[in-house]
Amino acid sequence: MDWVDHVETDPIRALESFVLGWFPAEETEPAEEESTAGDLNNLPEALAAFHRLARLRPAIHRFHDPVLKQPRRSSRRLGDRLVFAVWDGAGMDWSIPWPPEEPCQADPRVWLTEEPNAADSEPILEVEPLSRFLLQFTLYEAINAAPYHASSYCMPTARLDALWSMLRPIPLSPFLPAYTAERFFVAPGLLMQVSNDESEAVVSFGALHRGTLTPLLEHGFSWSRFDG
């Protein structure tokens, strides 16, 4: 879990360390390795780093909601954008200003656009810049793509108190703040996301091994899914 130490100071390094440790290496064909994002020199470093990682861990290009292998240009009401990720079959997408708003801008702002094909769609500025957003996005999708899962029904937020001694918080703003506002936590071989307010909470876990979930039974949560 040492990668968490780099989230605030070097989020690209944190992303690389997490991805290489969480996803297994795979055999890849040379043609597949060359098919990721074209000329990476034209992309911001965080996005180029993601695509370089995809050559080593192709699983991150197989997320249900993908970071696009080939980012695409799009003209929007507030200017031209480079769309780099889509959600729910392109019901939403994420983009950065393109060309960059500032010359040599290393870590651009990220915009979420709901219903991007609608004439009146208004982009929403994400809290995190591109480097930290890509880490958020990857953590969320890694939980969804994990081999084993556990998800709770809604429960009192106070019941989470017993979990904090075994989990380390990841210092990022909530992901999808207008929807579920997920916060992320990590333990060896385990990722957790929490959506909560002062009174109620829902938690979801993704695990690399079934046995990693077993200790969670001690907390007596009511599970909507439990693979342990």
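Details of the structure are given in the entry above.
Rules of the game
Residues numbered from 1 in each chain as written. Predicted model: local features only at pLDDT ≥ 70, side-chain atom pairs only at ≥ 80, totals over all residues. Heavy atoms only, no water. Axes fitted to C-alpha atoms, helices over the stretch in contact; angles between N-to-C directions. Helix = DSSP H or I, 4+ residues; strand = E, 2+ residues; numbered from the N terminus. Parallel < 35°, antiparallel > 145°, perpendicular 65-115°, else oblique. Left-handed = near helix turned anticlockwise from the far one by under 90°. Contact = heavy atoms within 4.5 Å. Nonpolar A, V, L, I, M, F, W, Y, C, P; charged D, E, K, R; others polar. Core = buried A, V, L, I, M, F, W, Y, C linked by side-chain atoms within 4.5 Å. Buried < 20%, exposed > 50% of the residue type's maximum accessible area, 1.4 Å probe, protein only. Pairing = 2+ DSSP bridges. Expected span 1.5 Å × (residues − 1). Salt bridge = Lys/Arg side-chain N within 4 Å of Asp/Glu carboxyl O.

Caption draft 1: Quick look at the packing of helix H1 (residues 11-22) against helix H4 (residues 130-145). Across the interface, H1 lies against H4 with an axial gap of 8 Å and an inter-helix angle of 20°. When the interaxial angle is binned, H1 and H4 end up roughly parallel. Read as a crossing pair, H1 and H4 show a hand that is left-handed. Between H1, through Pro11, Ile12, Ala14, Leu15, Phe18, Val19 and Trp22, and H4, the contact on the second element is made entirely by Ser131, Arg132, Leu134, Leu135, Thr138, Leu139 and Ala142. Across the contact of H1 with H4, the residue classes tally to eleven nonpolar, two polar and one charged.

Caption draft 2: Representation of the nonpolar core. Residues Trp3, Phe84 and Trp94 are the most contacted members of the largest nonpolar core, which totals 49 residues. Only H1, helix H3 (45-56), strand S2 (79-87), strand S3 (92-97), H4 and strand S9 (183-187) provide two or more residues apiece to this core. Looking at this core, the element that brings in the most residues is H4, giving nine residues. Residues Ala150, Phe185, Ala201 and Phe221 belong to the second largest nonpolar core, which totals 18 residues.

Caption draft 3: View of the sheet that holds strand S5 (residues 123-125). Strands sit in the order S1-S2-S3-S4-S5 across an open sheet of five strands; the sheet is antiparallel. If you trace the sheet from one side to the other, it starts and ends with strand S1 (67-76) and S5, each paired once. Taken pair by pair, the neighbouring strands of this sheet meet at an average axis angle of 35°, ignoring direction. Strand direction decides the pairing type here: S3 and strand S4 (residues 111-114), joined by four bridges, are antiparallel. Residue pairing for S4: Ser95 is matched across the bridge by Trp111. Relative to the sheet, H3 contacts S1 and S2, its axis offset from that of S1 by approximately 150°.

Caption draft 4: Region of interest: H4. In a regular helix each residue adds 1.5 Å, so 16 residues correspond to 22 Å; H4 covers 22 Å between its end C-alpha atoms and thus fits that length. Burial analysis of H4 places 14 of its 16 residues in the buried class, which makes it a mostly covered element.

Caption draft 5: Quick look at the pattern of salt bridges. Within the structure shown, the criterion is met by five salt bridges. Note that Arg62 and Glu26 form a salt bridge whose closest N and O atoms lie 2.8 Å from each other. A residue pair is termed long-range when its members are at least 10 positions apart, and Arg62 in the loop between H3 and S1 and Glu26 in the loop between H1 and helix H2 (30-33) qualify at 36 residues. You can call Arg62 exposed: its relative accessible area is 52%. Its salt-bridge partner being Asp227, residue Arg225 comes within 3.0 Å of it at the nearest N-O pair.

Caption draft 6: Expanded view of unusual backbone geometry. One non-glycine residue with positive phi stands out, namely Glu115, at about 45°. Structurally, Glu115 is set in the loop between S4 and S5. In the Ramachandran plot, Ala181 falls in the positive-phi region, its phi being about 50° despite a non-glycine side chain. Here Ala181 is to be found in the loop between strand S8 (168-169) and S9.

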